[in-house]
Amino acid sequence: MKDNKAVFRLAALGLVVAAGLTGPAKADPGPNCTLATPAAMANCGTITLAIAARTNSLDPANGGPNTDYQPAYPQQGLIYRQDRNLVPRMDLIATESASANGLVITQTLKKNLKYSDGSPVLAEDAVFAYTRWKASGISSAYVAKIIDAKAVGDDQIVWTLSTPYPDFKYALASQFMGIHPKKRIEAMGAAEYFKKPVSAGPLMLSEWTPGTDLMVLKANPNYWAKPAVQELRITVIPDGTSRLLALKQGAIDYVYTLPLNAKTQVDAGKVNVFPQSEPGTFMLAVNNYAGQPNEALKDKRVRQAMSLVLDRQKMATIAFFGIAEPACAFAFKPGNPYFACSLPNNGVADVAAAKAQLAQTPFAKGFAFEMIVPARPQWAEAAQVLAADLAKIGITANVKPLPDADISTRIRARNYELVFFRNAAATPILQLQNWFSPGGAWSVNSGFADPAAEALLNEAASSSDPAKIKALLHKVELMGVEDASYMPLTSQFSLSGLRYARGIMEAVTPGEWLFIKTTPALPGG
Amino acid sequence: MPGGRRMEAATTPDEASPRSGAPIRLFLHQAWRRLLRAAGVATWVMVIAFCLIRLAPGDPVLARLGPEADPVAIDKLRRDLRLDVDPFTQFAEYGWGLLHGSLGTSIETQRAVIDIILESLPVTLWIIAVTILLAIAMSVPIALYVAQTRRSAVPYLFRASTSVLLAIPAFFTALIGLIVFGLHYEIAPIIGYQPGFPANLRFLWLPALVICTHLVPVLSRVLHSSIVETMGEEFVETGIIRGIGRPRFYWLYLLKPSLAPTVVLLSYMVGVMIGSTVIIETIFSLPGIGRSLVGAVISRDYPLVQGCVLVFGLFVVGVGVVGDILANWLDPRVGLS
């Protein structure tokens, strides 16, 4: 018995010693980078950012998830760069001029631009970036109106457009347009080059192996402005709760995606948890292809009744903790100068009207259908709230949460009845084109495309008159409401957490691009 | 088992070991057959891994580009990844690569799968090693104490507490562990794993402790039963009468004759543990092979999934073989077949 006690004591001592030797490593951005330091005064040493998955590629022409292009954004050269308020600002160019008809745009690079290794940034590199993007086929709608891009000398880029293109700057500010040295990529091959690319952006790569947990970026001494962050350590924490705990512990300084209950879990004096509205809309999309097995969903009046009965406010409150805003239109609201409500009753649920509408169809007694939904945090809960609403008019929605890969496969195979998803884009025109123009991402997915809507959107995309654009987009919205193949639900959002003041370094949406404060700031930013 | 370990009263368990008279050649022959069988199992694991990931719904191209991707981009990537060829050709190419020592290239990272595995496997092996050490360090004294105690409440308390621990899911224990040791006491890091001994122990002790909350109850229960059984043997009484020193008595008379079932169980549990590490590595952000597998499954990175599953299979089979050999060494009556 005596020996047993000794063994227990030894084990306990071992645990205590082991525990004493350990301790969390705290992130330390420096004394001038606290929650209380105003962004204007901040000068941050090392900031640690947690993302949800490993970065696999820094090649802008690879597509890939946000965990690829988010870290890539600050270390790539860009003609235009998104500022903190989602306005594209001139980055590597000093001037831009357009021909009288707006179809030829000439840009001149800033003088003496250099990559992080000291080699010059050339106009041909920008053209090469565009060529690679176009060849990749990724988000082709963004570059559909660009007929040609040419380098004139070392510092001029001449773009030729098929029609005036108000969203041109947004396209150039996207992650796909990352500028890297043409000659080096051609010599090394893209796969090899992008393992350790040079940078024409505010930060440059210091340490990283594709598919691993840590990436270290440092301030690029050759960038034309001085970044407010000297070092950015990007670490991977796959679990949402662990991300929140690491933020509370002080092991990290910034998280872009937190669990939705995070707001109530943190000490507001140490961590700033805030929601960010994104230019996107949660929605229901009905399969319009011939293979749609559900007769009821083929009936426009049924779909209208379904849209009428949905309590968007309840979904935003219950499933999204009041962070989301109920939708009254298809297009996103934040930063959208053309926004106008288009849903009947401004999107507020009207059960009586829904019942009356459904009564006019052969499905007045109700029907059942399958609603597939990505198994992401709170998405399935949101779908369940909608299912409860639909039950009020006798419609049974069987909610089926699925992994993302399965959802994508079923959508592409047109093997679904109705899907809960979202539609996000850089601009409202691009977002509506996703839904209504043939070739748009969601029109391909759902099989719904309206040539009339496309004509209106093209007209809007070629106009420079804001009032006209707003009117045209509203017409498209009303066509969408009438058909009801898509049912907008709430705004898209994310919940972020910071241990320093806002405005120094954070992700800006819709691309979740990492914005880095610089001195001087982006022109006009 | 009762009566199965009866030995001459005058002998120690080692002196009575049948190994002393058994031909080594038979042992080697059995071990060789066991290894051959393991190789067969590994082959099947490879085939099943290849088929399963392709039968599962989902598409690596769509997983990477998303449902909003352009059809042109989808077709291009499919061609680039050689996913446009039929599955038989894909399998032939995979098998040919294996024969040449290549597990292929990861679709997501464009890195050799073998490099990713060699990078992440040691982390998982360290978790398992620390867990086993910790589990043994806890299970043996607990089992000995409970088996020897005369307090009637202790065995009941032991059974109840082990049942409770087994009923709590590992992910929940892990989160509680992070909150208590990471946030409250600040003695456990939540992120920032550093490879290399002994720096890695700072990051491994808590995950290992969490896994132990499932492993220790099972091991200590089995070991406790075996010890209780062994204590009924005549040679134990002889040992006591002979006045054998306590360490020697505990090892030779109580533990060694009782360990074989526990070792076999442990080798099986290690197989289960490698599954548990998937959850543990995710919650503790440890860059082990479980995390690589989860990421690969989500992105339908076929070559990486195949590689990880193959390694998992080989590991489980290998540990099983080692477990059998160890059990046979501890108690030669435990056959290798």
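Residues numbered from 1 in each chain as written. Chains lettered and ligands numbered in written order. Predicted model: local features only at pLDDT ≥ 70, side-chain atom pairs only at ≥ 80, totals over all residues.

Moving on, we come to the overall build of chain B. Of regular secondary structure, chain B possesses 12 helices and 0 strands. Evaluated residue by residue, chain B yields a buried proportion of 43% over its 337 residues. (Helix = DSSP H or I, 4+ residues; strand = E, 2+ residues; numbered from the N terminus. Buried ≥ 20, exposed ≤ 12 C-beta atoms within 10 Å, placed from the backbone.)

On to the interface of chain A and chain B. Facing 54 residues of chain A, the contacting portion of chain B comprises 50 residues. Going through the elements one at a time, α1 (2–21), β11 (229–236), α7 (240–249), α13 (404–412) and α15 (441–446) of chain A are the ones with two or more residues in the side of chain A that touches chain B. When the residues that make up the side of chain A that touches chain B are grouped by side-chain class, the tally is 26 nonpolar, 20 polar and 8 charged. (Contact = placed C-beta atoms within 7 Å. Nonpolar A, V, L, I, M, F, W, Y, C, P; charged D, E, K, R; others polar.)

Here we take up the sheet that holds strand β5 (residues 104–109) of chain A. All names here are of chain A. Taken together, 4 strands build an open sheet; the order of strands is β4-β5-β7-β6 and the sheet is antiparallel. Looking at the sheet topology across the chains shown, the edges are occupied by β4 (93–98) and β6 (146–152). Direction aside, neighbouring strands of the sheet carry axes that sit 15 degrees apart on average. Two strands pair when backbone bridges link them, and β6 and strand β7 (residues 156–161) are joined in this way by 6 bridges, in the antiparallel orientation. When the sheet's bridge partners are listed, alanine 151 is paired in β7 with isoleucine 157. Sitting on the sheet, helix α3 (residues 123–136) is in contact with β5, β6 and β7, with an inclination near 160 degrees to β6. (Pairing = 2+ DSSP bridges. Axes fitted to C-alpha atoms, helices over the stretch in contact; angles between N-to-C directions.)

Here the focus is the environment of Glu237(B). Note on placement: Glu237(B) falls in helix α9 (residues 234–242). Taking C-alpha positions, Glu237(B) is 9.3 Å from Tyr253(B), a pair spaced 16 residues apart along the chain.

Residues and elements named next belong to chain B. Mean pLDDT over chain B works out to 83, with 91% of the residues at or above the 70 mark. Mean pLDDT values for the elements of chain B range from 76 in helix α2 (residues 60–65) up to 92 in helix α5 (residues 113–148). Counting interchain partners and residues more than four positions distant, the pLDDT-below-50 stretch residues 1–11 has 18 contacts. Long-range and interchain partners of residues 15–20, a stretch whose pLDDT sits below 50, account for 7 contacts in this model, where long-range means more than four residues apart. For this predicted complex, the interface score ipTM comes out at 0.76, alongside a pTM of 0.81. (pLDDT = per-residue confidence, 0-100.)

So, about the sheet that holds strand β1 (residues 44–51) of chain A. Residue and element names in this part refer to chain A. Within the open sheet, the 10 strands sit side by side as β8-β9-β11-β1-β12-β17-β13-β16-β14-β15. Their pairing is mixed. Edge positions in the sheet fall to β8 (203–207) and β15 (395–402), since each has one partner strand and no second. Across 5 bridges, strand β9 (residues 214–219) lies against β11 in antiparallel orientation. Along β11, the bridge assignment pairs leucine 217 with leucine 232.

All right, on to the pairing of β5(A) then. Each regular strand displays side chains that alternate between the two surfaces of the sheet. All names here are of chain A. Only one face of β5 is covered, namely the one carrying Ile105, Gln107 and Leu109; the face carrying Val104, Thr106 and Thr108 has none of its residues buried. Pairing of β4 with β5, which is carried by 5 bridges, proceeds in the antiparallel orientation. Residue pairing for β5: threonine 95 is matched across the bridge by threonine 108.

Let's shift gears to helix α1 (residues 24–55) of chain B. Residue and element names in this part refer to chain B. Taking 1.5 Å per residue as the helical rise, α1 with its 32 residues ought to reach 46 Å, and the 46 Å between its terminal C-alpha atoms agrees with that figure. Buried within α1 we find Met46, Ala49, Phe50 and Ile53. Where the residues of α1 are buried, they touch α4 (87–99) and α12 (302–330). (Expected span 1.5 Å × (residues − 1).)

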